Number of protein chains: 2
Amino acid sequence: MRFTQFFIRTQKEWPRDEESANAKFLHRGGFVEKIGAGIHAFLPLGLRVLDKINRVIREEMNAIGASELLLPALIPKKYWEATDRWNVPILYKSTDSSGQEYGLGFTHEEVLTPILKRRIQSFRDLPTALYQIQTKFRDEPRARFGLIRGKEFTMKDLYSFHADAKDLERFYWTVADAYKKIFSRLELPVRVVEAAGGDFTKEYTHEFQVLVPAGEDTIFYCEACDFAQNKEIANVAALDTCPKCARAKIKESNGIEVGNIFRLGTKFSEAANLVYKDSAGKEQLVVMGSYGIGPSRAMGAIVELNHDDAGIRWPKEAAPFRIHLIALPGGEKQADAAYKYFAEQGVDVLYDDRNDATPGEKLTDADLIGIPVRIIASTRTANMVEVTMRDEKPFPFQSIEAAVLAVQRYYAR
Amino acid sequence: MRFTQFFIRTQKEWPRDEESANAKFLHRGGFVEKIGAGIHAFLPLGLRVLDKINRVIREEMNAIGASELLLPALIPKKYWEATDRWNVPILYKSTDSSGQEYGLGFTHEEVLTPILKRRIQSFRDLPTALYQIQTKFRDEPRARFGLIRGKEFTMKDLYSFHADAKDLERFYWTVADAYKKIFSRLELPVRVVEAAGGDFTKEYTHEFQVLVPAGEDTIFYCEACDFAQNKEIANVAALDTCPKCARAKIKESNGIEVGNIFRLGTKFSEAANLVYKDSAGKEQLVVMGSYGIGPSRAMGAIVELNHDDAGIRWPKEAAPFRIHLIALPGGEKQADAAYKYFAEQGVDVLYDDRNDATPGEKLTDADLIGIPVRIIASTRTANMVEVTMRDEKPFPFQSIEAAVLAVQRYYAR
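Conventions adopted
- Residues numbered from 1 in each chain as written.
- Chains lettered and ligands numbered in written order.
- Predicted model: local features only at pLDDT ≥ 70, side-chain atom pairs only at ≥ 80, totals over all residues.
- Least-squares fit on C-alpha atoms with pLDDT ≥ 70 in both.
- Contact = placed C-beta atoms within 7 Å.
- Pairing = 2+ DSSP bridges.
- Helix = DSSP H or I, 4+ residues; strand = E, 2+ residues; numbered from the N terminus.
- Axes fitted to C-alpha atoms, helices over the stretch in contact; angles between N-to-C directions.
- Nonpolar A, V, L, I, M, F, W, Y, C, P; charged D, E, K, R; others polar.
- Domains from an automatic or database assignment.
- Parallel < 35°, antiparallel > 145°, perpendicular 65-115°, else oblique.
- Buried ≥ 20, exposed ≤ 12 C-beta atoms within 10 Å, placed from the backbone.
- Right-handed = clockwise from strand over helix to strand, strands pointing away.

## Considering the relation of the copies chain B and chain A
Okay, step 1: Rotating chain B by 180 degrees about the axis while translating it 0.0 Å along that axis superimposes it on chain A, leaving an RMSD of 0.0 Å. On the angle and the small slide along the axis, the relation comes out as a two-fold axis. Measuring from the rotation axis to each C-alpha of chain B, the shortest distance belongs to S94(B), at 2.5 Å.
Okay, step 2: When the interface residues of chain B are mapped onto chain A, 100% of them again fall at the interface, so both copies present the same face.

## Structural notes on the sheet that holds strand β6 (residues 101-104) of chain B
Residues and elements named next belong to chain B.
Okay, step 1: Strands sit in the order β4-β6-β5 across an open sheet of 3 strands; the sheet is antiparallel. Both outer strands of the open sheet, β4 (74-76) and β5 (93-95), are each paired with one neighbouring strand and no more. Mean inter-strand twist for the sheet, computed between neighbouring axes without regard to direction, equals 35 degrees.
Okay, step 2: Looking at chain direction, β5 and β6 are connected through 3 bridges and run antiparallel. Each residue of the ladder has a partner; that of S94, found in β6, is Y102.

## Considerations on the interface of chain B and chain A
Okay, step 1: Taken residue by residue, the interface counts 44 residues in chain B and 44 residues in chain A.
Okay, step 2: Mapped by element, the contributors of at least two residues to the side of chain B that touches chain A are β1 (32-36), β2 (39-42), α2 (44-63), β3 (67-68), β4, β5, α4 (109-117) and β7 (128-137) of chain B.
Okay, step 3: Across the side of chain B that touches chain A, the residue classes tally to 23 nonpolar, 10 polar and 11 charged.

## Focus on the domain arrangement of chain A
All names here are of chain A.
Okay, step 1: You can read the domains of chain A as domain 1 (7-308) and domain 2 (323-412).
Okay, step 2: Domain 1 and domain 2 are separated by 38 Å when their C-alpha centres are compared.
Okay, step 3: With 4 residues of domain 1 at the contact, the number on the domain 2 side is 4 residues.
Okay, step 4: Here the residues of the side of domain 1 that touches domain 2 sort into 1 nonpolar, 2 polar and 1 charged.

## Describing the packing of helix α1 (residues 21-28) of chain A against helix α7 (residues 295-305) of chain A
Between two packed helices, the angle of one axis relative to the other and the distance separating the axes together describe the packing.
Residues and elements named next belong to chain A.
Okay, step 1: Closest axis-to-axis distance for the α1/α7 pair is 8 Å, and the angle between their directions is 95 degrees. Relative to α7, the element α1 is oriented roughly perpendicular. When α1 is examined against α7, the residues A21, N22, F25 and L26 are found in contact with a partner set consisting of G300, V303 and E304.
Okay, step 2: For the contact of α1 with α7, the class distribution of residues is 4 nonpolar, 2 polar and 1 charged.

## Some thoughts on the pairing of strand β19 (residues 323-327) of chain B
Residues and elements named next belong to chain B.
Okay, step 1: The buried fraction of β19 amounts to 5 of the 5 residues, a majority that puts the element mostly inside the structure.
Okay, step 2: Alternating positions in β19 separate into two faces, I323, L325 and A327 on one and H324 and I326 on the other, with burial throughout.
Okay, step 3: As defined by bridge partners, β19 adjoins strand β20 (residues 349-352) across 4 bridges and the pair is classed as parallel. Looking at the pairing, H324 lines up with L350 of β20.
Okay, step 4: Handedness of the crossover joining β19 and β20 through helix α8 (residues 332-344) is recorded here as right-handed.
Okay, step 5: As paired strands, β19 and strand β21 (residues 373-377) are joined by 5 bridges and run parallel to one another.

Put into structure tokens, the structure is as follows:
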């Protein structure tokens, strides 16, 4: 993509009234724009990042056999009443010109369960799992921290339907493994943290927490083993000996919750009378689970973890482009040739072809945009190019063809 | 994709209270599910169709140099007040727990114009064009006809920003050409119809209308030339001689509006004081255009035009998969081998691998799902397969490899 043909506008000023790193850097880099408290526009660069994150999520959801669908946001009141959630404080409501009332979806058990009711008859129809990547709304009085806590945000919500609790348990941990893969690919180190079960279950649920100072949750965890609990339910305190391994002391950290998994049990299938016939022909309630990831919140968490004074340092799989190609004075022809070759090879490249920007402006923008691989053509590189791959030792100048191979090897690692 | 690993549930009954063909067939095929009047869920098959339509739209928008972004649906009241649209009847409103009011976006000039205001300084920043594919909300008392008129629906909205009316005019017709390409790829025959300009301009706007009985608009058109007017502005009647070519009589038809293009002029740039400095350093108002396509409505229009008694006949570029591969008794091993080969070749295939469905059920489902190419393996086909490509004469049985080549040629036509 040519810089001059793509809408990129980095900003010269830090945003006012923003303290979190993700709000600051996403604004400066021209990724997002704040429209109101907890409400953001994703500008073209930001949408590319969100799409990359969503692609990772989709691949791992499809890999565990879940099918993607798309449910509406505008949900008639009767759905919320059926599960007694019409009056939850976070529900945005609207009334239409005929007097009919709606709630804007902050979750979708209410809509999906009746759809499944018309499609599940016997044990042969189970298990099944469906997910969407969709916009959620939440009347959130404490909207803050950029993309971390919003009133409107992107959510991946997965729902699973099982014949019994044992099969739910199997799938629950399959989803946990898929989540670990997703966050590993996004280079987000997460702790799997025990948390309160909400209304649905006496068992703990599990949250996927990124331990960073900007987080709003408080997590107690052990560095020697996988013990970790949300403060809400914790029966330990900082500096206690770990109750699980006894090999280390408990530490305390803030955390950003980027995912969670819930055993819903039969709460929603009872409300909708979602039943199936077992192999003996007897009616049984379907057992459900639900599983969330916040892609836009994950985008914010990535920035909290990955930035320096000059800008964002996107992980490979979340970067808006794989290569930032820059033409500096004297390198214009060589950069054009490189761009043409990259395009032929199907390489995902942003080409800064501006002729009204100084070298300093181009390099500052490259820092703000934060793509891991930078390729420069200039008088100095002559008929070669200079390749800089983050966290790798510098390469000698090389040919355009060799540069592509080096970048492909870098991304395959 | 294996049928047994993908959530497909065709329905045995026609929906109650639905008269339009798109509502009926999309329900029977398991593409969409009605959640309330004008509100639909897109089930996995339906989402695949919508994604295919959106892909065509994105390719043609990117080809004319527009950049994709994503704007919020929850829009604070002050944005609507700035353009005096807070009280338009179709706006859904909501009030949050702190008393702040929002309108749900039915269009996005209000949000985008201020974003551009911070990013346009001089004539060098123009022209520029931005689009999104996003969920719109519209308090629509007459929601009906399946996906044709909804309260919540998918919209592609494009906005363009120009230095003067002449440059807007150039881009306006560029968009018109892109729209013709999009609808041609979707095999939707459209008439470009003159219509009322709304508040913004004395010139006609242009609608892209599919002429079908299920449409809600009334169109007068000439079969001999490109003359066409919406009844709202028409100065002709049926059986009049065409005022443009005089070679034929005017016909009348219902139409479904699948796209429209507007010259906004300076209405919104005046409201937001969106100005730029011209080459003489003088401040000028930016001149704007806006351009819509309804992907979900287009999906409904496609079904209105393309169905027979047995089910939908999806156009090539909108079909949920390119090939429907079916294992009939005795052909299971051959079908498995074909699926494996197709997967290796990266072919987009739905494989009906069910062993608890009869041949009749599989063929009925294939009719309802409506993929243009069907490949069957059975005792009869032995170590070959039977390929049926819609609107082509039947092929003799052929090898798996030859089948793929034939299908690739079919889709390349």
